[in-house]
Amino acid sequence: MLYYICKYTPIEAFSAMGVQIERLEPEVSSFPKADSFLHPNLCSYVKGAYELCSQKAEEDPDFEGVVFTTCCDSVKRLFDVLSRKYPNKFWFVLDLPRMGNEFAAKLYASRIRACLSAYEEFSGRTFEEEELSTLLNRNKEPDKAVVSEPGRLRIGVVGARISSHLRKLIEDAGAELLFDQTCTGDRLLLPPEGNRPLLEAYAYRLLNQLPCMRMAEAVNRDPMMLPLLQKADGIVYHTIKFCDNYSFEYADLKDRSPVPLLALETDGTTLSYGQQRTRIEAFLEELSPKKQKHNRKTTGDKKMYVIGIDSGSTSTNAVLINEKLEILDFRVIRTGAKSIESAEAVLKSVLKNAGLQRSDISRIISTGYGRVSIPFADKNITEITCHGKGAHFLFPEVRTILDIGGQDSKAIRLNEKGEVADFVMNDKCAAGTGRFLEAMARTLELSIEELGPVSLRSREVVEISSMCTVFAESEVISLIALNKEQADIAAGVHRAIANKAMTLLRKTGLIPSFCMTGGVAKNPGVIHALEQQLGEKLLIPEEPEIVGALGAALLGAEDLF
Amino acid sequence: MDLVKTYGNIIRKNLETHPVAARRMINVGLSLENLRVQAFSDKRMPKASKELNSLAVNKIREGLKTPEKTAWTNLFTPVELLQCFDLNCLSVEAVSSFFSGFTIEDSFIRYGEGKGLAPSLCSYHKCFLGSFFSGVLPVPKLAVTASTACDANFNTFRLAGKEARLPVFYLDIPGIRSEEAVDYVVRQLHALLGSLEKLTHRKFDIDLLREILQRENESKRLYLQFLKKKAKKAWPTTLTLQMYELFATHLSIGTEESLHFFRSLCKEIDHMPDFHGKRLFWVHLIPFYHPVLKDALNFSDAFQLQGMEMNIDNTKPLDLKDPIRSLARKMIDNLYNRPFEYKEKLVLKAVQHTNADGVIHFCHWGCKQSIGGVMLLKEAMKKAGIPFLILDGDGIDRTNDTPGQIKTRLEAFLEMIR
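Note that the coordinates shown come from a computational prediction; the quantities given were computed from them, not determined experimentally.

> Looking at this structure, how should I read the overall build of chain B?
Broken down by element type, chain B carries 18 helices and eight strands. Here the C-alpha atoms of chain B give a radius of gyration of 20 Å, agreeing with the 22 Å that 2.2 N^0.38 yields for 418 residues. Along the longest, intermediate and shortest principal axes, the C-alpha atoms of chain B span 60 × 55 × 40 Å. Of all intrachain contacts in chain B linking residues separated by at least 6 positions in sequence, the fraction that spans at least 24 positions is 79%. When the accessible area of chain B is evaluated, it comes to approximately 15600 Å², of which 55% is carbon and sulfur surface.

Given below as structure tokens:
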């Protein structure tokens, strides 16, 4: 059993030898071996591949090895290290040209020949050109495209390779995966043409697939890309952490795409599945045809109540509204070890305060990280859509929302109608979130509530350069050792948060008016630092923590009335 | 008050609103820097190093002032061909390093990230693209990039080239040493020459190229000689100067100025006293801004930097009979174009050649080709009994730095080999 990782691998030539050759697909939760034998900052897919290969090399007797190409810097090193660590397996790296002309094909053909000979020697099998020729000639252009189910959103994926898990996630969320043009996605290799020797003609076909970003031919992607994107209702542009090739194309496409584009970065571990789900679902919510606002049904004398619950990492918030969309009550409690218990507690507290029973409530909508773990909710909606709804309700003029919560931060752009038009989220790390501020406040021996007001007394500019929570903490400690004023350090911390937030805001286009939500919006120091960088006033809700829950309640009310 | 930082802050304020004014201020800053080094620099700095300083600063100044006579390149572009057309070569690494020198790298990096570039991308490339997108870095005549060493080479130029409607030439350098591979590169070089002739309205003169290659051969011979002498002699240097050598060994290799510098090096070192401290060999880029490393290594009597492997990535003499073919061979034979094993051998050889007591490997953020092999290099050094230190950090981005960690690791290592 052989594996491959790059679409330019001559997999058909191996199949022609009767070898089973499969796409290498690691599913790991961490990289203990790769971090010690490679480097933590290498491409996360490659680190996952190292984990899987070393496990297979040690435990799986059917595992023969991997056929690599020199597709990127990380893979080259993956080959170097694996072939050194497990010399008895078959590791071969095909030097892959970056051009698609006949000279490149000739060069690649001779490398393929060398690779096949090496495998013949390793396995005792023989390669027959005739077998390959038969196999390749079986490939045909597909018949007419499959007709899509009406009403179902059609999603296309481009960018760096995606896992089967992500493909499934898109389909489970109710969309149709129209195409997967990531680097090892849908493969169609037409039969070789011309009078050239078979391997050269085959190499030519291989090199002339939709060029990946490492190819010089990638200049030709552009004219192919836009018509491709147009076929779908929305595009997931996938990138992998520490694989930077595709971020270049994303940077170029993001403002020109004919259909909405979701930038999705994954880190090759199973740990980010939750976040991936939030982003995909929010994207589909954004794409779904918006319901026409019909005249609100009068509910007569009958009172109606809807509750929105936002189950966040730090706090669980609830908002109760009535049929007139008036906020009757809200609650904010600290999220405990189990999100469901906090959700139950907050619900009980709202009901008690309003003198209502559970049966009086027409609808409960959950949102936030824990939204799927709240069994009594009638429906769950991502916090992105909910924040958009809530902020638009409070301030109809808002076009850009910055939400900084306990463990993540997001920038959301709304269109004139108040619908989500684009959004970006921070990565998995705590830099620039509420957790960062909590850690800094602790180091400064201030409470989180004091941090903001104290910083406003700052007179000297002190810089915190590191964005990483751990290292920023040690920077703060050194500043304390240098006898810097607490106020100045606190202001530096807030500027660091503002810098990080500005990067997010820039990605959504910096369109005023701006509104800030989430617990961090209660900190006047952060608001001051941000307003200075934006050159604009921020709109701050009276209760910035409940905007998500309010949005959830409003969306629930829309369903009903 | 730190003057450079203050000046940097003034430039920073102009970046987004007045990019052209910011560029002018950078140019003035570069002239001042030239003056400062000539007149007021550290007394310990050798004269040849001042020469090197001017060479580097002038190259950047020209690139900013006369973009119409400039080509964007990377460190592995065959600059010899561009010199035949009187083009000044400016590389991604050089441009970004200078912006970092002005302490404005982070603004450009954030600008690039705001455009959608990955935060994990090499900061040299992010800074370069950010400076271009913000309008501070002017559009040159053309760009020539080689695939050697780094994935970002093609992508950075493709993105900038598209936005600026700039002719970009891509050289695909195979990772296999064969005559077929040389033919493949020769063909590309001929095509490039054809385009250069059209773009500059000049005829290519092969004898001019021969002269350039001859100076290049002489330069490389002198440089190896200098490194050999440095195995014994003291040569007071700084992290920045060590990086500046890349201008002489790569971007300006083959020019009169560069050859003159190598001659000065070899002459001046003969008059230096012997060095009695510990000698260090550096692998990969140097974070020249780094306060901890500067403190420990600049003009130090205890520790001397013997060289870095990037400066000797290809020291073989070029055959003047067939200059184009030898340039193709030079690119294919480059250290970064070959299996990692070759790097292990080269570093071992360099350690012997320069009499180094230890090796420091700097893992620059985003540079996969180097960091991915660092454990293999470590094993090879361990086998040979050479102390080896790994530092993780960022070559130019101060906000992506971990000073505390670097300090502890470096000090422990220096205590260990002392």
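On we go from here.
> Would you mind showing me how to read the nonpolar core here?
Proteins that are soluble and globular tend to have nonpolar side chains buried together. A:Phe14, A:Phe68, B:Trp72 and B:Trp282 are the most contacted members of the largest nonpolar core, which has 240 residues in total. Mapping this core onto the domain boundaries places at least three of its residues in each of domain 1 (2–137) and domain 2 (154–195 + 202–287) of chain A. Excluding anything up to four places from it in sequence, B:Trp72 contacts B:Leu90, B:Phe128, B:Phe132, B:Leu137, B:Pro138, B:Pro140, B:Leu142, B:Ala143, B:Val144, B:Phe157, B:Ala160 and B:Leu166. By size, the runner-up hydrophobic cluster in this structure holds 39 residues, among which are A:Ala472, A:Leu505, A:Met516 and A:Leu538.

> Just to check I follow, could you spell out the domain arrangement of chain A for this structure?
One frequent convention defines the size of an interface as the accessible area lost when the parts assemble. Residues and elements named next belong to chain A. Domain annotation for chain A reports domain 1 (2–137), domain 2 (154–195 + 202–287), domain 3 (305–395 + 548–560) and domain 4 (400–540). For domain 2 and domain 4, the distance between their C-alpha centroids amounts to 33 Å. Across the boundary between the two partners, domain 2 contributes 12 residues, which contact nine residues of domain 4. Summed over both sides, the interface between domain 2 and domain 4 buries roughly 840 Å², with carbon and sulfur atoms accounting for 51% of that surface. Counting the surface domain 2 buries against domain 4, the share from its top three residues, Gln 275, Arg 279 and Glu 286, is 50%. On inspection of domain 2 and its partner domain 4, the count reaches zero salt bridges. Between the two partners, domain 2 and domain 4, sit zero residue pairs in polar contact (both at pLDDT 80 or more). Of all the secondary structure elements, the ones that give two or more residues to the side of domain 2 that touches domain 4 are strand S8 (261–266) and helix H11 (273–287). No other element matches H11, which puts five residues into the side of domain 2 that touches domain 4. Taken together, the residues of the side of domain 2 that touches domain 4 sort by class into four nonpolar, two polar and six charged.

> Can you walk me through the sheet that holds strand S10 (residues 315–322) of chain A in this structure?
Sheets are built from strands paired through backbone hydrogen bonds, the pairs being either parallel or antiparallel. Residue and element names in this part refer to chain A. Pairing is mixed across the open sheet formed by five strands, whose spatial order is S11-S10-S9-S12-S13. Every interior strand has two partners, whereas the edge strands, strand S11 (327–334) and strand S13 (379–380), have only one. In this structure, strand S9 (residues 305–311) lies alongside S10, joined through seven bridges in antiparallel fashion. Note that in S10 the partner of Asp 310 across the bridge is Asn 317.

> Could you clarify how one ought to interpret the confidence of the model for chain A in this entry?
Close reading of the predicted structure is inappropriate where its pLDDT is low. Residues with a pLDDT of 70 or more make up 96% of chain A, whose mean pLDDT is 89. Here residues 292–298 of chain A is a poorly scored stretch, pLDDT under 50, and it has eight contacts once near neighbours within four places are set aside; other chains count.

> Explain the pairing of strand S3 (residues 65–69) of chain A to me, please; I cannot follow it from the model alone.
The side chains of a regular strand alternate, residue by residue, between the two faces of the sheet. Residues and elements named next belong to chain A. Most of S3 is tucked away: five of the five residues are buried. Of the two faces of S3, the one carrying Gly 65, Val 67 and Thr 69 and the one carrying Val 66 and Phe 68 are both buried. Examined bridge by bridge, strand S1 (residues 2–4) and S3 share three bridges and lie parallel to one another. Its bridge partner lying in S3, Tyr 4 is registered against Val 67. Where S3 lies against strand S4 (residues 90–94), five bridges are found, and the strand directions are parallel. Residue pairing for S4: Gly 65 is matched across the bridge by Phe 90.

> Explain helix H13 (residues 383–394) of chain A here, please?
Because each turn of an α-helix spans 3.6 residues, side chains separated by three or four positions in sequence point in the same direction. Given a rise of 1.5 Å per residue, 12 residues ought to cover 16 Å, and the 16 Å separating the end C-alpha atoms of H13(A) matches this to within 8%. A:Glu383, A:Ile384, A:Thr385, A:Cys386, A:His387, A:Gly388, A:Gly390 and A:Ala391 are the residues of H13(A) that are buried.

> Help me understand the pattern of salt bridges in this model?
Pairing is possible between side chains of opposite charge, provided their charged atoms come close. Overall, the coordinates contain 58 salt bridges over all chains when judged by the stated rule. The shortest N-O distance in the salt bridge between A:Arg256 and A:Asp222 comes to 2.9 Å. Of the two residues, A:Arg256 sits in the loop between helix H10 (245–253) and S8 while A:Asp222 sits in helix H9 (residues 221–230), which places them 34 residues apart along the sequence. Using a relative accessible area of 32% as the deciding quantity, one classes A:Arg256 as partly exposed. Close ionic contact of A:Glu460 with A:Lys484 constitutes a salt bridge, the shortest N to O distance being 3.2 Å. Remark: A:Lys484 occurs in the loop between helix H16 (469–481) and helix H17 (486–508) and A:Glu460 occurs in the loop between helix H15 (448–455) and H16; sequence separation between them is 24 residues. Residue classification places A:Lys484 among the partly exposed residues on the basis of a relative accessible area of 29%. Through salt bridges that share partners, A:Asp222, A:Asp252, A:Arg256 and B:Lys162 make up one connected network.

> I tried to follow helix H8 (residues 152–164) of chain B on my own but got confused; where do I start?
The terminal C-alpha atoms of H8(B) lie 18 Å apart, and with 13 residues this matches the ideal 18 Å at 1.5 Å per residue to within 8%. Within H8(B), 11 of the 13 residues are buried, which leaves it mostly tucked inside the rest of the structure. For H8(B), the secondary structure elements touched by its buried residues are H10 of chain A together with strand S1 (70–73), helix H5 (92–101), helix H7 (123–133), strand S3 (142–146) and strand S4 (168–171) of chain B. B:Arg165 lies just past H8(B) and shows a positive phi near 50°.

> Quick question: what am I supposed to make of the sheet that holds strand S6 (residues 303–308) of chain B here?
Residues and elements named next belong to chain B. Strand order in the open sheet made by the four strands is S6-S5-S7-S8, with parallel pairing throughout. For this open sheet the edge positions go to S6 and strand S8 (388–393), each flanked by a neighbour on one side alone. Neighbour-to-neighbour, the strand axes of the sheet open up by a mean angle of 30°, direction not taken into account. Two strands pair when backbone bridges link them, and strand S5 (residues 278–283) and S6 are joined in this way by five bridges, in the parallel orientation. Across the sheet, residue Leu 280 finds its bridge partner in S6, namely Leu 305. Running at roughly 155° to S6, helix H10 (residues 206–230) makes contact with S5 and S6 of the sheet. Packed onto the sheet, helix H15 (residues 340–354) meets S5, S6 and strand S7 (358–364) and runs at close to 155° relative to S5.

> Sorry, what's going on with the packing of aromatic side chains here?
With the rule as written, the count across this model stands at 31 aromatic pairs over all chains. Ring plane angle 50° and centroid distance 6.2 Å describe the contact between A:Phe37 and A:Tyr50, whose orientation is recorded as tilted. Highlighted residues: A:Phe37 in helix H2 (residues 32–37) and A:Tyr50 in helix H3 (residues 44–59), separated in sequence by 13 residues. Exposure remark for A:Phe37: the relative accessible area of 30% places this residue in the partly exposed category. By relative accessible area, A:Tyr50 is classed as buried at 0%. Look at B:Phe98 and B:Phe247: their rings are 6.2 Å apart centre to centre, the planes differ by 80°, and that puts the pair in the edge-to-face class. Here B:Phe98, found in helix H5, pairs with B:Phe247, found in helix H11 (residues 239–251); they are 149 residues apart in sequence, far enough to count as distant.

> What exactly am I supposed to notice about the pairing of S7(B) here?
All names here are of chain B. Burial of S7 is extensive: seven of the seven residues sit out of reach of the surface. Alternating positions in S7 separate into two faces, Gly 358, Ile 360, Phe 362 and His 364 on one and Val 359, His 361 and Cys 363 on the other, with burial throughout. Pairing of S7 with S8 involves six bridges; the strand directions are parallel. Within S8, the residue paired with Val 359 across the bridge is Phe 388.

> For this particular structure, what's the right way to read the side chain of B:Ser219?
Residues and elements named next belong to chain B. Relative to the helices and strands, Ser 219 resides in helix H10. What makes Ser 219 buried here is its relative accessible area of 1%. With near-sequence residues (within four places) excluded, Ser 219 lies in contact with Ile 253, Ser 258, Leu 259 and Phe 262.

> I keep staring at the interface of chain A and chain B and nothing clicks. Help me out?
With 53 residues of chain A at the contact, the number on the chain B side is 55 residues. Taken together, the two surfaces of chain A and chain B that pack against each other cover about 4600 Å², and 56% of this comes from carbon and sulfur. In terms of surface lost to chain B, no three residues of chain A exceed A:Asp73, A:Arg77 and A:Phe248, which account for 15% of the buried area on that side. Linking chain A to chain B there are six salt bridges. B:Glu344 is paired through a salt bridge with A:Arg84; the nearest N and O atoms lie 2.8 Å apart. Summed over the shared surface of chain A and chain B, the result is 16 residue pairs in polar contact (both at pLDDT 80 or more). Those elements giving two or more residues to the side of chain A that touches chain B turn out to be H2, helix H4 (73–85), helix H5 (102–123), H10 and H17 of chain A. Among the elements that line the side of chain A that touches chain B, the one with the most residues is H4(A), at seven residues. Class assignment for the residues of the side of chain A that touches chain B results in 23 nonpolar, 11 polar and 19 charged.

The rules we used
- Per chain, residues are indexed from 1 in the order of the written sequence.
- As they are written, the chains are lettered A onward and the ligands numbered 1 onward, keeping that order.
- Whole-chain, interface and lining totals are the exception, using all residues; otherwise, since this is a predicted model, local features are given only for residues with pLDDT of at least 70 and side-chain atom pairs are given and counted only at 80 or more.
- Heavy atoms throughout the structure, all of them, feed into the side-chain values; hydrogens and water do not.
- A run of DSSP states H or I qualifies as a helix once it reaches four residues; a run of E qualifies as a strand once it reaches two. Both are numbered from the N-terminal end.
- What the globule rule says is 2.2 Å times the number of residues to the power 0.38, and the radius of gyration is computed from C-alpha atoms.
- Here a residue-residue contact requires only that any non-hydrogen atoms of the pair lie within 4.5 Å.
- Throughout, the Shrake-Rupley method with a 1.4 Å probe supplies accessible areas, and for residues the shown protein chains are the sole cover considered.
- In plain words, nonpolar cores are sets of buried Ala, Val, Leu, Ile, Met, Phe, Trp, Tyr and Cys residues tied together by side-chain atoms within 4.5 Å.
- Buried, partly exposed and exposed residues are distinguished by accessible area as a fraction of the type maximum, computed with a 1.4 Å probe on protein chains only: under 20%, between the cut-offs, and over 50%, respectively.
- The split into domains, and so the bounds of each, comes from an automatic or database assignment of domains.
- Two parts placed together each lose some accessible area under a 1.4 Å probe, and the buried area is that loss summed for both.
- The salt bridge definition used is simple: a Lys or Arg side-chain nitrogen within 4 Å of an Asp or Glu carboxyl oxygen.
- As used in this structure description, the phrase polar contact means that two N or O atoms lie within 3.5 Å; if the pair is within protein, one of them must be able to donate a hydrogen and the other to accept it, and residues adjacent in sequence are counted only when both atoms belong to side chains.
- Residues are grouped as follows: Ala, Val, Leu, Ile, Met, Phe, Trp, Tyr, Cys and Pro are nonpolar; Asp, Glu, Lys and Arg are charged; every other residue, Gly included, is polar.
- Two strands make a pair as long as DSSP finds a minimum of two bridges between them.
- What pLDDT reports is the predictor's confidence in each residue, on a scale of 0 through 100.
- A helix's residues, less one, multiplied by 1.5 Å, set its expected span.
- Fitted lines through C-alpha atoms serve as axes, helices being fitted only where they are in contact, and the angles separating the N-to-C directions of these axes extend from 0 to 180 degrees.
- Classification of ring pairs uses Phe, Tyr and Trp, with its six-membered ring standing for Trp, and accepts pairs whose centres are within 6.5 Å; under 30 degrees between planes counts as stacked, over 60 as edge-to-face, and the remaining range as tilted.

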